[in-house]
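Remarks on the overall topology
Here is how the chains run, residue by residue.
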Amino acid sequence: MRVIIIGAGVSGLSLYLWLDKLGLTKAHDITIYERRPDVSLDNGSEISIVGGSIGITANGMRVIHTLDEQLFAEVVQAGHRINSWRISTARGWTLADAPTGGPGDDSVMIGREDFCRCFRKRVPESVTKVKKVLDVEIGSTVNVLKFDDGSSAEADLVVGADGIWSILRRIMFGVQSNAKDYQYAPHYEGLVGVGSYVPANLMQEVPQGQMNIVLGRNGFFGYGIDRGESATSKVARGVCWSTYTLDVLPQDWRKLDCDQAQQQLRARHQHWKNDVIRRIIKEVKIDQVWPTFTTPLLPSWERQGCVLMGDAAHAVQPSSGQGTSMALEDAEALARLLAHHLAVDPRSGHLLACKQYSDLRMPRLAKVHKKAQQLGSMKQDMGVVQELVMYAFVWALAKCSWGKSYNEYVFRYDVGTEVEHAISTGRKQEQLHLAHEDF
């Protein structure tokens, strides 16, 4: 079987490694296509090319540990373990000190490019080809991909791991491959984020393993250590990020002025009662500005030998803290289902695998999407009364453990167990169907 993965980011790389772990790379022809040479090649490119720091929560780290214990150790070493979050306010009040999970459920904060590099070096160079996919012709038995150099390729299975601006999603649900405005196109949430790296000594009073979230009526500020001293990095590094309201997004939003954003950052937070933030905004050099886009919930993630994963399937608000972890879960789930169904039916088992994958993953992402939208609303500009109500709500939520069941649902999720359950349920349904036909 011919498999083409579009995108050599977190989703595409992790899927390939899972397929390799389960023996599918030896039995099938698998190729990754990536449009950006600075992403597909390990050339030491700067992190700003593909985004800043990312947080990987306990459920995502569990996927990595199951995939490769050495890879897990490298990710931990390249990043910084996070075991708690402190939630405070612009007025100087501490609302909550919340653990990231139970014992052993530490999260990791790590630079996106550092993270991708850990995966990328495990994928053979011959597997990844630098070409931009312009179109995909979805057929009844085979799919044809067309590239920017005029060439084409056929695949029995096409995996869209090409991010929020996924061309495969556009083709599956849009009118044509170049359609930008369609029902499931990315949606701007009215929020813009800025971020940068800063010297860790600006956060000297922050305890080891703690990340900080500071809420206010005119935005949001987060900070913590994303890389400690290690054998590969002798200098600890801090990371900070801020989100604020911008109702109308300029058409040339990819060129938002970093210097102007830096001035606005200082004006927005200079009166906040937080010594760390005051030090950061004096020293920080903003090098990234990114609007917040999400995708609507899709009716399905698969269609005739095409399947979506990661942000191509479910770009959620960054407030969820689950973007990367959900992509890692997707990779394990899809690979395990492909391994099972292709062993039963080598010719068309991938179709049932994609259907079960979509049915398994969509309800989980719907819950994460809903929670992320609720959290995202706390970053919008608001009046004093709404601000105080928000503080009271967060404080009560922490004191009464109202969010405990959701956190357990997210952090305790085990992909392998859920896949086995889906396969078992599908087998029982098939047996019932056959028994009904015999009757």
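Above this text you will find the structure in question.
Here we summarise the structure given alongside this text. In this text the structure is predicted, and so the values were computed from the model without any measurement.

Some points on the state of the cysteines
- In the structure shown here, the tally under the stated rule is zero disulfides.
- Between C116, a cysteine without a disulfide, and C118, which holds the nearest cysteine sulfur, the sulfur-to-sulfur distance is 9.1 Å.
- By relative accessible area, which is 5% here, C116 ends up buried.

Concerning the side chain of Q317
- One can find Q317 in the loop between α10 (311-314) and α11 (323-344).
- Q317 sits in the buried class, given a relative accessible area of 4%.
- Those residues in contact with Q317 that sit more than four places away from it in its chain are E189, L191, T292, T294, A372, Q373 and G376.

Comments concerning the side chain of T324
- On the secondary structure map, T324 appears in helix α11.
- Contacts of T324, omitting those with residues within four sequence positions, involve V10, I54, G55, I56 and F115.

Focus: the pairing of strand β13 (residues 187-199)
- A large share of β13 lies buried, amounting to eleven of its 13 residues.
- As paired strands, β13 and strand β17 (residues 288-294) are joined by six bridges and run antiparallel to one another. Looking at the pairing, G193 lines up with W290 of β17.
- In this structure, β13 lies alongside strand β16 (residues 237-245), joined through nine bridges in antiparallel fashion. Within the sheet, the bridge partner assigned to V198 lies in β16 and is G238.

With respect to the pattern of salt bridges
- Throughout the structure, instances matching the rule amount to 21 salt bridges.
- For D149, the salt bridge is made with K131, and the minimal N-O distance between the two is 3.4 Å. Note that D149 is positioned in the loop between β10 (143-147) and β11 (152-155) and K131 in the loop between β8 (128-130) and β9 (133-137), a separation of 18 residues in sequence.
- When its relative accessible area of 23% is taken as the criterion, K131 is described as partly exposed.
- One salt bridge in this structure joins E205 and R279, with 2.5 Å as the shortest N-O distance. Placement of the pair is E205 in the loop between β13 and β14 (210-216) and R279 in helix α9 (residues 275-283), with a sequence separation of 74 residues.
- Salt bridges sharing partners connect three or more residues here, namely E113, D114, R117, R120 and R237.

Overview of the nonpolar core
- Residues V75, F115 and F119 are the most contacted members of the largest nonpolar core, which totals 85 residues.
- Here this core takes nine residues from α11, the largest share from any one element.
- Apart from the residues lying within four places of it in its own chain, the contact partners of F119 are L13, S14, L17, I64, L67, L71, V75 and L328.
- In terms of nonpolar packing, the next biggest core, distinct from the first, is built from 47 residues, L202, M211, I225 and V239 among them.

Parameters at a glance
- Residues numbered from 1 in each chain as written.
- Predicted model: local features only at pLDDT ≥ 70, side-chain atom pairs only at ≥ 80, totals over all residues.
- Heavy atoms only, no water.
- Disulfide = S-S within 2.5 Å.
- Buried < 20%, exposed > 50% of the residue type's maximum accessible area, 1.4 Å probe, protein only.
- Helix = DSSP H or I, 4+ residues; strand = E, 2+ residues; numbered from the N terminus.
- Contact = heavy atoms within 4.5 Å.
- Pairing = 2+ DSSP bridges.
- Salt bridge = Lys/Arg side-chain N within 4 Å of Asp/Glu carboxyl O.
- Core = buried A, V, L, I, M, F, W, Y, C linked by side-chain atoms within 4.5 Å.

Coordinates in, geometry out; function isn't part of it.
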